[in-house]
Amino acid sequence: MLASDKIAKAFEAICEEVDKIKKADLSEKTKKRLKTIVSIAKHQSDIRGAKKGSCVAHKKKCG
């Protein structure tokens, strides 16, 4: 398995674990932080499978 495949699976696992945690009674602050974690993990997973230069967010920051 390639390193990028392992990383993608790790991000997927993070999302799955957060889904389990979100079922608990949590404060709004904690829910917001979990949402941010999932957002970051999904973005990282998405850009690893994307063609180079196709991420619009990165074009704004770097281009």
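Here's a quick rundown of the structure. Since the structure is predicted, the reported quantities are computational estimates derived from the model, not experimental observations. (Residues numbered from 1 in each chain as written. Predicted model: local features only at pLDDT ≥ 70, side-chain atom pairs only at ≥ 80, totals over all residues. Heavy atoms only, no water.)

1. Structural notes on the overall build of the protein
Summing up its helical and strand segments, the protein has three helices and zero strands in all. When the helices and strands of the protein are placed in sequence order, the string is α-α-α. By residue count, 13% of the 63 residues in the protein fall in the buried class. (Helix = DSSP H or I, 4+ residues; strand = E, 2+ residues; numbered from the N terminus. Buried < 20%, exposed > 50% of the residue type's maximum accessible area, 1.4 Å probe, protein only.)

2. Observations regarding the pattern of salt bridges
Applying the stated rule across the entire model yields two salt bridges. When the shortest N-O distance is used, the salt bridge between lysine 20 and glutamate 17 registers 3.1 Å. Here glutamate 17 and lysine 20 lie together in helix 1 (residues 3-21), a separation of three residues that amounts to about one turn. Classification of glutamate 17 as partly exposed rests on a relative accessible area of 41%. (Salt bridge = Lys/Arg side-chain N within 4 Å of Asp/Glu carboxyl O.)

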